[in-house]
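Commentary on secondary and tertiary structure
If you want the building blocks of each chain, they are given just below.
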Amino acid sequence: MSEALVAVETAGTDASVPAVSGARQFWRRLRAQRAALVAAAVVALLVLVALAAPLLTALEGQDPTTYHPTLIDSARGGVPIGSFGGISADHWLGVEPQTGRDMFARLVYGARVSLGVALAATVVQVILGIAMGVASGLGNRYVDLILSRITDIFVSMPLMIMALALLAIVPNSFPRPVLVALIIALVSGWSTTAKMVRAQTLTLKNLDYVAASRLSGWSTWRTAVRELLPGLAAPVITYSALLIPQNISAEAALSFLGVGVKPPTPSWGQMLTSADVWYQAAPQYLLLPAAALFVTVFALTILGDGVRVALDPRAASRLRIGTGRKREARAETAVPATGTPDAAAAQKEDRA
């Protein structure tokens with residue numbers, strides 16, 4: 001139905017001018033934001049480092065699990081030997097206190113676990129949240145009531161307590177990263193996404209083009225896919241970018257409680273947990289994973305805000321018009337000054 005309305009509106013335009021696709025418009029608006037592009041480059045670099053972790057550690061000649069007892073000072077409680085945590089040509093970021101495991105290898109392999117768990121949990125949260133939210137918003141009052149109460153139950157569930165209970169009954173043979181991702185996704189996150197999607201669906205379904213599609217005989221599924229999902233893209237993508245750092249923090253919290261990813265598999269949260277007693281003797285052991293988490297969260301936040309602006313035409317138009325002095329300068333150049341021939345002609349036309 002929306003395609004028909006667009007066709008009617010554009011029937012009088014010049015057919016020789018090709019319409020700009022939505023993807024090209026999105027890329028053009030996103031490209032105008034330098035901060036979002038830098039954040040996207042940082043996120044892409046982090047993902048590339050995580051995927052290329054075996055290659056990077058092979059170039060260094062180390063792995064994340066091998067102990068190096070000769071590189072630590074046992075007389076001082078396991079502090080790395082050498083300056084800056086034992087940084088050398090063989091260990092680019094030093095070694096881990098008390099074990100001597102390579103810090104660079106554990107950091108890049110920890111990126112695979114932390115980002116992988118967070119991304120997998122986010123995908124499940126978004127899919128489940130969209131399904132529940134759209135079904136609740138488009139269903140009758142009984143469907144809406146039942147699904148809303150189910151969502152409220154999961155909103156009130158404490159993640160840590162439920163994770164402790166579920167991880168206690170799941171056998172150890174089950175892959176722990178997959179289990180942690182499923183627990184984070186199913187216990188928390190999706191319910192908030194469902195509430196947000198439901199509120200947006202209730203707003204969008206009252207618009208003319210959605211009501212027209214339903215009155216024309218379209219099924220609920222076709223209306224949701226063709227008319228509602230494009231309108232839900234901006235808030236869902238923005239919220240998804242904020243869910244990823246939250247899921248990374250949740251994985252770190254589970255590792256702190258001892259129910260997250262088990263050693264020797266590295267993760268940033270696990271590294272932070274075991275670094276709390278070494279921050280004075282070996283500060284790089286705490287600063288490196290903390291800096292990785294900070295950069296990841298900050299870049300994802302900036303990228304999420306940039307995507308929101310690129311998907312919102314009103315926000316994009318405000319950026320395109322400008323604010324402050326730029327807007328005043330454009331207004332002065334657009335309106336002729338009083339006393340000029342153009343202004344006199346304009347006044348004569350107004351009097352006539």
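Here's a quick rundown of the structure. (Residues numbered from 1 in each chain as written. Predicted model: local features only at pLDDT ≥ 70, side-chain atom pairs only at ≥ 80, totals over all residues. Heavy atoms only, no water.)

What follows covers the side chain of Glu251. Structurally, Glu251 can be placed in helix H11 (residues 220-256). Among all residues touching Glu251, those that are not within four sequence positions of it are Ser114, Val117, Val180, Ile184, Val261, Ser267 and Gly269. (Helix = DSSP H or I, 4+ residues; strand = E, 2+ residues; numbered from the N terminus. Contact = heavy atoms within 4.5 Å.)

What follows deals with the packing of aromatic side chains. A full pass over the atoms with the stated rule returns 3 aromatic pairs. Seen in terms of ring centroids, Phe294 and Phe298 are 5.9 Å apart; in terms of plane orientation they differ by 10°. Their pairing is stacked. Taken together, the positions of Phe294 and Phe298, both in helix H13 (residues 284-311) and 4 residues apart, correspond to about one turn of that helix. Lying across the ring of Trp218, Arg222 places its NZ or CZ 4.1 Å from the centre. (Phe/Tyr/Trp six-rings, centres within 6.5 Å; stacked < 30°, edge-to-face > 60°. Lys NZ or Arg CZ within 6 Å of the ring centre and 35° of its normal.)

Generally speaking, nonpolar side chains in soluble globular proteins are found buried as a group. Val43, Ile244, Ile248, Trp268, Met271, Tyr285 and Leu303 are the most contacted members of the largest nonpolar core, which totals 23 residues. Residue assignment for this core shows that the elements contributing at least two residues are helix H3 (34-51), helix H5 (103-138), H11, helix H12 (268-274) and H13. Looking at this core, the element that brings in the most residues is H13, giving 7 residues. Other than its neighbours up to four places away in sequence, Met271 contacts Met103, Arg106, Leu107, Tyr285 and Pro289. Residues Leu159, Leu179, Ala181 and Ala250 belong to the second largest nonpolar core, which totals 17 residues. (Core = buried A, V, L, I, M, F, W, Y, C linked by side-chain atoms within 4.5 Å. Buried < 20%, exposed > 50% of the residue type's maximum accessible area, 1.4 Å probe, protein only.)

The next thing to look at is the pattern of salt bridges. Between side chains of opposite charge, a pair can form as their charged atoms come close. A complete count under the given rule lists 5 salt bridges for this structure. Asp144 is the partner of Arg198 in a salt bridge, and the nearest nitrogen-oxygen pair spans 2.8 Å. A residue pair is termed long-range when its members are at least 10 positions apart, and Arg198 in helix H9 (residues 190-204) and Asp144 in helix H6 (residues 141-155) qualify at 54 residues. Residues Asp152 and Arg149 are paired through a salt bridge, measuring 2.8 Å at the closest nitrogen-oxygen approach. In this pair, Asp152 and Arg149 are both assigned in helix H6, 3 residues apart and thus about one turn of the helix distant. Taking relative accessible area as the criterion, Asp152 reaches 25% and is therefore assigned partly exposed. Each member of the salt-bridge network shares a partner with another, and the members are Glu96, Arg101 and Arg106. (Salt bridge = Lys/Arg side-chain N within 4 Å of Asp/Glu carboxyl O.)

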